[in-house]
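# Close look at the chain arrangement
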Amino acid sequence: MVQFHALALLYEIKSHDRLAISKMVTQLARGPISSPCAACLLIRYISSSLAGWRGESTASSVERAAYQYLELSLKDRSEAVIFEAAKALCSMPGADDRDLGPAVASLQLFLSSPKPPLRLAAMRALSRVSTARPAALVKCNDDMEALISDSNRSVATFAITTLLKTGSESSVDRLMKQISSFMTEISDDFKVVVVTAIRELCLKYPPKHQVLIGFLANFLREEGGFEFKSAIVDAIVVLMHAVADTKETSLFHLCEFIEDCEFTALSTQILHLVGSLGPATRAPARYIRFIYNRIILENSAIRAAAVSALAKFAVRVPALRSSIKVLLHSSLRDEDDEVRDRATLALRFLGGDLSSCMQRPDHESNLRSPTEEVSESCAVADAPHSTLSVDMLFKPLPLSFVELAGALRQYEKVHGADNEDAILSYSTLPIADAVASTKRVEVPSRSGLKPESNCTAFYKIPEIATLGPILRSTASAPLTESETEYVVSYVKHILEHHLVLEFSVMNTIQDQVLQDAHVVLDSPSDVYQITTILRASSISCGETGTCWVALQRSGTIPDSVGIQFEAQLKFSVVEVDAASGELLGDEDGFQEEYPLEDVELNIDDFIEMV
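What counts and how
Residues numbered from 1 in each chain as written. Predicted model: local features only at pLDDT ≥ 70, side-chain atom pairs only at ≥ 80, totals over all residues. Heavy atoms only, no water. Helix = DSSP H or I, 4+ residues; strand = E, 2+ residues; numbered from the N terminus. Buried < 20%, exposed > 50% of the residue type's maximum accessible area, 1.4 Å probe, protein only. Contact = heavy atoms within 4.5 Å. Areas by Shrake-Rupley, 256 points an atom, 1.4 Å probe, with all protein chains shown as cover. Core = buried A, V, L, I, M, F, W, Y, C linked by side-chain atoms within 4.5 Å. Axes fitted to C-alpha atoms, helices over the stretch in contact; angles between N-to-C directions. Parallel < 35°, antiparallel > 145°, perpendicular 65-115°, else oblique. Left-handed = near helix turned anticlockwise from the far one by under 90°. Nonpolar A, V, L, I, M, F, W, Y, C, P; charged D, E, K, R; others polar. Phe/Tyr/Trp six-rings, centres within 6.5 Å; stacked < 30°, edge-to-face > 60°. Pairing = 2+ DSSP bridges. Expected span 1.5 Å × (residues − 1). Polar contact = N/O pair within 3.5 Å; in protein donor to acceptor, adjacent residues only side chain to side chain. Patch = residues over 30% accessible without salt bridge, like charges linked within 9 Å, V, L, I, M, F, W, Y side chains within 5 Å. Salt bridge = Lys/Arg side-chain N within 4 Å of Asp/Glu carboxyl O. Lys, Arg positive; Asp, Glu negative; His and termini not counted. Charge placed at Lys NZ, Arg CZ, Asp CG, Glu CD.

### Notes on the overall build of the protein chain
- Summing up its helical and strand segments, the protein chain has 25 helices and 11 strands in all.
- Burial status across the protein chain gives 46% buried among its 610 residues.
- In the protein chain, 63% of the contacts between residues at least 6 apart in sequence involve partners at least 24 apart.
- With the model as given, the accessible surface of the protein chain reaches about 31700 Å², and the carbon-plus-sulfur share is 53%.

### Focus on the nonpolar core
- Counting 122 residues, the largest nonpolar core has Leu107, Leu164, Met176 and Leu216 as its most contacted members.
- Here this core takes 10 residues from helix α17 (residues 300-316), the largest share from any one element.
- The residues touching Leu216, leaving out its near neighbours within four places in the chain, are Val195, Ile198, Ile232, Ala235, Ile236 and Leu239.

### Some points on the packing of helix α7 (residues 116-132) against helix α9 (residues 153-166)
- With their axes 9 Å apart at the nearest point, α7 and α9 run at an angle of 25° to one another. With respect to each other, α7 and α9 are oriented roughly parallel. Note that α7 runs across α9; the crossing there is left-handed. Taking contact as the criterion, the partners of Pro116, Arg119, Leu120, Met123, Arg124, Leu126, Ser127, Ser130 and Thr131 in α7 are, on α9, Ser154, Val155, Phe158, Ala159, Thr161, Thr162, Lys165 and Thr166.
- Of the residues that constitute the contact of α7 with α9, the class distribution is 7 nonpolar, 7 polar and 3 charged.

### Re the packing of aromatic side chains
- This structure, assessed with the given rule, holds 7 aromatic pairs.
- With a centroid separation of 5.6 Å and an interplanar angle of 85°, the aromatic rings of Phe252 and Phe290 are classed as edge-to-face. With Phe252 in helix α14 (residues 247-258) and Phe290 in helix α16 (residues 288-297), this residue pair connects regions lying 38 residues apart in the sequence.
- Among the residues examined, Phe252 registers a relative accessible area of 24% and is labelled partly exposed.
- A relative accessible area of 2% places Phe290 in the buried class.
- Seen from their ring centres, Tyr486 and Phe571 are 5.0 Å apart, and the 65° between their planes marks the pair as edge-to-face. One end of the pair, Tyr486, is in strand β3 (residues 486-494); the other, Phe571, is in strand β9 (residues 563-575), with 85 residues separating them in the sequence.

### Points about the pairing of β9
- Of the strand pairs in this sheet, strand β5 (residues 512-522) and β9 are connected by 9 bridges, and their pairing is antiparallel. Paired with Val513 across the two strands is Val574, which belongs to β9.
- Bridge count between β9 and strand β11 (residues 599-601): 3 bridges; the pairing is antiparallel. Across the sheet, residue Gln564 finds its bridge partner in β11, namely Glu600.

### Let's talk about helix α19 (residues 337-349)
- Compared with the 18 Å implied by 1.5 Å per residue over 13 residues, the 18 Å span of α19 between its first and last C-alpha is a close match.
- When we look at burial in α19, the residues that qualify are Val339, Arg340, Ala343, Thr344, Ala346, Leu347 and Phe349.
- By the N-cap criterion, in which a side-chain oxygen at the helix start approaches the backbone nitrogen of a residue two or three places on, α19 is capped by Asp336, the distance to Glu338 being 3.1 Å.
- Once α19 ends, the next one or two residues include Gly351, with phi positive near 80°.

### A few points about α17
- The terminal C-alpha atoms of α17, which comprises 17 residues, lie 25 Å apart, in line with the 24 Å expected from a rise of 1.5 Å per residue.
- Most of α17 is tucked away, with 12 of its 17 residues classed as buried.
- For α17, the complete set of buried residues consists of Ile302, Arg303, Ala304, Ala305, Ala306, Val307, Ala309, Leu310, Ala311, Lys312, Phe313 and Ala314.
- Two to three positions downstream of the cap, the backbone nitrogen of Ala301 sits 3.3 Å from a side-chain oxygen, assigning the N-cap of α17 to Asn299.

### Regarding a negative patch on the surface
- On the surface, Glu481, Glu483, Glu597, Asp598 and Glu600 cluster together into a negatively charged patch.
- Residue position: Glu597 is located in the loop between β10 (590-595) and β11.

Here you go:
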């Protein structure tokens, strides 16, 4: 333990000097370390430093020495050292399948270990590798299949999800048979993980959609909680849009599911989906029975969704319109206002005769008819229905409610609320941003940083828009002084499993153009792993460019705060004539680095303002 504590203390002393850390790690990697704990700690230091070394002039020699030490550690007597070395090799940046070979072979030996912790650790490491390089784990498939029946359910779950990523098309049927018996023995949390893996497998091998959709549909009818059933429904919906051949089969499975579904949210979601996609199928009439059963048997929220779904069938399938009108008439006397209103409005637009509903039995003569209630609350024209009316009822608005509200406010400012001569239509409404601008810290006038709304810019970039919704965006914070030649500020976007940093870079030098500007981060913690770096292609004098860094968070929120990232702006400088803008030097320019203030993560970054 003496070596362990000495190494930890030495690292803390030199943690702010990257060159000293590089020399220390290189020297210790060449010297003998007898303590397994110290060896594991050194391997972790090497792993966390490899990302920071990339791109530097000494990167190749340091990486080569680090790789040799890690490969040598795979032959250590200690199982902990072997595992740490294998895990570090698997996470090395830029490693190919050949580099991963020795590490995968070592982890494969752990799969047959009698110790459950070793099996679990090895399967977890292999599962991470399978996400990026499934082909590197093909030789481990036989050992992983043996772990499907492991007594430790966590090991078995990792084995199944990894096999679903690395398996071939010919092994899908065999895997589904093995998983069927396994699914009944695990909790819903593990089931959700398996469902997600099956969805990815179906997207990878579309010809196997019948087997995989059938497997998901079978467990949709089994016992399970909301999260499990919701995961299956979401997976089926994704597959319906990705694999066209699954649409009708999947719709029928979902209709059978709502016959005995105890979750209102899922029933309404499926009814909306059936109403949207069902009329375009080869036999739309087969879904009417499932929808009408919901009007008879379910609660008011589901009945209202069912009425809307029937109305969509009536609009898009003229052959069924008269029959659906008869079914909708039964909902005009529903006990719920929302159901009555939807049925009345749909029949009015469809040209239905509501006069029969005006006659009430004597014992109900003291009650107002649903038609009268709708007539007072919604002025529906007595003229025959038009295509425009049907479109307004059943087609989505061309803009969201938030955008519509903002556009109307801007319209009133321009034309006035009492201007009767102004024509109000979608084409005359001004364009309004859907997301309110995040409150920012004002940068002094020289910086001139006025980027557009953070959330709007975020979702316009395909590489990071798929990471999920933004939970919180912080105010802009400066990373340089306002009088420097390059003015940099940043905004932190907090997502469920990611952190996205948006850097605004302004060039104030007249005879320079910055190309490929990007920010390089060096993290002292392995909680965050950099997944994406997006560069600003060109920044002229007086212009502001935006570059992005996306990091994946592997720890919990308490583990994710109090972290400081060393930041550095890297770019190529191209010299131009300040007056004409003509190129003066080499068009590729020369590389330049500019130090920035540390990027800090605090606890208040994860707290939404109220």
